[in-house]
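Survey of secondary and tertiary structure
What follows is each chain in one-letter form.
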Amino acid sequence: MGSRGFVLWIVGLLVLKLMEGSYATLSPTGINYEVVALMTIKSDLRDPHNVLENWDINSVDPCSWRMVTCTPDGYVSALGLPSQSISGTLSTGIGNLSHLQSVLLQNNAISGLIPSTIGMLENLQTLDLSSNKFTGEIPGSLGDLKNLNYLRLNNNSLSGPIPESLSEIDVLTLVDVSFNNLSSPVPKISARTFKLVGNPLICGSNSHYNCSVYPEPLAFPPDGAKDQYDPEVRLGHLKRYTFKELRAATDHFNSKNILGRGGFGIVYKGCLNDGSIVAVKRLKDYNAIGGEIQFQTEVEMISLAVHRNLLRLWGFCSTENERLLVYPYMLNGSVASRLRDHSHGRPVLDWSRRKRIALGTARGLLYLHEQCDPKIIHRDVKAANILLDEDFEAVVGDFGLAKLLDHHDSHVTTAVRGTVGHIAPEYLSTGQSSEKTDVFGFGILLLELITGQKALDFGRAANQKGVMLDWVKKLHQEGKLNLLADKDLKGNFDRLELEEMVQVALLCTQFNPSHRPKMSEILRMLEGDGLAEKWEASQNVETPRYLRSYENPPQRYSDFIEESSLVVEAMELSGPR
């Protein structure tokens, strides 16, 4: 029996146990039924880039697996594998992930039938199977998904009629079945956006169906009636709150409830009517955010980025004069706010927690850069924007907001959004951002975790800016790594791990962005794979192209800051969020 056959045999045995009738996550013998379901999915897929490499049949906890997101109590809530060149078929075992809220498999080469077992996922809100090779009919069981907001099945080879059962889902926001081979009749679906174009049997020359439906704006109420929105109205994943509701939750945006201030606005702690504690971000420059459709489109895209290490957007409020975003409250604040905290004489962030924060942040940024579709560039990665949940798990916050405010052009801006000491040299010099801009910020974050100091404050006593990186490079060249470690750790750290983390940080902060590793490479290096080779290769570097016009190119990071001609809009968001 080959290795694949053996795996399938094991999976088969476990599936039999799954069918014995227990609905608990763990069986009495310790088998995690969600692990079983995920392994059946893996076994039916072809994974050329090994993105599912760490999915392990022997694991009892899939929550640390790549592409998997879990609820706080440990159930799988999201499966995100967009744009991974995955082929094969989608297993019927997906129906056993009973807590799934989001399935994102778009832009792959998955073929075969859409499993009817998806209809068992009563919590499912987003199903995106677009741009694959699915065939056969759309399962009528999808009509059982009463919480489904987004359904994208476009750009496949689906045939037959659109199930009448879809008309029974009241909360649909978007249904896209365009560019398939679907046939009449077409049910009356109550989605705000319903796309049929590209189905010749429906949209032929004699068609009486509307094959070019576009989203309608959710209209503003007339003046004097702004607080009459139904707070239960949802936009995709998102709940739409009234301004009155959020004003009451924050005690009229009382300054005592301010959690942080920054380039995007002020964040307030709030308590909703149901007792939920939230963080309410009141965006400044709301006029720069564009029209209502533009704002809704951007917040919808932010809400679709679902990962254990990303801050989940819960809802929003939009009026003629206000734009507000609502997030879960992060009990342990930000990394920046906890680096100096102690408990019983020990640092709250010990070395073990700092390593976990580095890994969690890397996984979150990897999702934004390489697994999210479209990708999202953060543009302000730093300790103050990495939040900590009740288990001190890293949660990347404020992603997507730079694009939200700079909607006219997401790549070139007149004002650099970021924080002195964290901004990549090429961003300072040209105003152009990329994934490698975030990689630089991640490198500075690693140095903050190692030294316990904030890059923003570092060197203020000497009236200098952004010298943390220069100081670390100097000590590293002199072989004085012992001077880098946060003194609050009192020597309680692994020296080899410290040296490896410093090397990863220096690889991330190379002045030439093309020499910096991708987040997928960074994660592997932090997990202990490939660092030595990358480090050796980095020792042979050349002057970045954008520096060749300098007669004497800057040798220190602080030189870039002094020579930058762009306006720097600093952001410092700390404290519990």
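Residues numbered from 1 in each chain as written. Predicted model: local features only at pLDDT ≥ 70, side-chain atom pairs only at ≥ 80, totals over all residues. Heavy atoms only, no water.

Each regular strand shows side chains that alternate between the opposite faces of the sheet. For strand 20 (residues 323–328), the tally of buried residues reaches six of six residues, placing the bulk of the element in the interior. Of the pairings in the sheet, the one linking strand 18 (residues 277–283) to strand 20 comprises five bridges and is antiparallel in character. Looking at strand 20, one finds that Ala 279 is bridged to Tyr 327. Across four bridges, the pairing between strand 19 (residues 315–318) and strand 20 is antiparallel. (Buried < 20%, exposed > 50% of the residue type's maximum accessible area, 1.4 Å probe, protein only. Helix = DSSP H or I, 4+ residues; strand = E, 2+ residues; numbered from the N terminus. Pairing = 2+ DSSP bridges.)

Let us now look at the side chain of Asn 154. If you trace the backbone, Asn 154 turns up in the loop between strand 9 (150–152) and strand 10 (157–161). A polar contact is formed between the side chain of Asn 154 and the side chain of Asn 155, at a distance of 2.8 Å. Discounting chain neighbours no more than four positions away, the residues touching Asn 154 are Ser 130, Ser 131, Asp 176, Val 177, Ser 178 and Asn 180. (Polar contact = N/O pair within 3.5 Å; in protein donor to acceptor, adjacent residues only side chain to side chain. Contact = heavy atoms within 4.5 Å.)

A few words on a negative patch on the surface. Taken together, Glu 53, Asp 529, Glu 533 and Glu 536 make up a surface patch of like negative charges. Within the secondary structure layout, Glu 536 lies in helix 13 (residues 531–538). What makes Glu 536 exposed here is its relative accessible area of 59%. (Patch = residues over 30% accessible without salt bridge, like charges linked within 9 Å, V, L, I, M, F, W, Y side chains within 5 Å. Areas by Shrake-Rupley, 256 points an atom, 1.4 Å probe, with all protein chains shown as cover. Salt bridge = Lys/Arg side-chain N within 4 Å of Asp/Glu carboxyl O. Lys, Arg positive; Asp, Glu negative; His and termini not counted. Charge placed at Lys NZ, Arg CZ, Asp CG, Glu CD.)

This part covers the environment of Ser 111. Here Ser 111 lies in strand 6 (residues 111–112). The spacing of Ser 111 and Asn 156 is 45 residues in sequence and 8.9 Å in space, taken between C-alpha atoms. Sequence-distant contacts of Ser 111, defined by excluding residues within four places in its chain, comprise Gly 88, Thr 89, Leu 90, Lys 133 and Phe 134.

To continue, consider the pairing of strand 8 (residues 133–136). Across two bridges, the pairing between strand 6 and strand 8 is parallel. Looking across to strand 8, one finds that Ser 111 is bridged to Lys 133. Sheet topology note: the strand 8/strand 10 ladder contains two bridges and is parallel. Looking across to strand 10, one finds that Thr 135 is bridged to Ser 157.

Turning next to the confidence of the model for the protein. In the predicted model, the protein carries a mean pLDDT of 79, and 76% of its residues have values of at least 70. Low pLDDT (under 50) marks residues 227–236, which in the prediction has 30 contacts with non-local residues, meaning those over four places away or in another chain. pLDDT under 50 marks residues 406–414. Its contacts with residues more than four places away, or in other chains, come to 19 contacts. (pLDDT = per-residue confidence, 0-100.)

What follows covers the sheet that holds strand 10. In a beta sheet, neighbouring strands are held together by backbone hydrogen bonds and run either parallel or antiparallel to one another. Ordered in space as 6-8-10-12, the four strands form an open sheet in which the pairing is parallel. Looking at the sheet topology across the chains shown, the edges are occupied by strand 6 and strand 12 (181–183).

Tallying each qualifying case throughout the model produces four aromatic pairs. Ring centres of Trp 351 and Phe 493 lie 6.0 Å apart, and the angle between their planes is 55°; this geometry places the pair in the tilted category. Here Trp 351, found in helix 6 (residues 351–371), pairs with Phe 493, found in the loop between helix 10 (468–477) and helix 11 (495–508); they are 142 residues apart in sequence, far enough to count as distant. The buried category is assigned to Trp 351, whose relative accessible area is 5%. (Phe/Tyr/Trp six-rings, centres within 6.5 Å; stacked < 30°, edge-to-face > 60°.)

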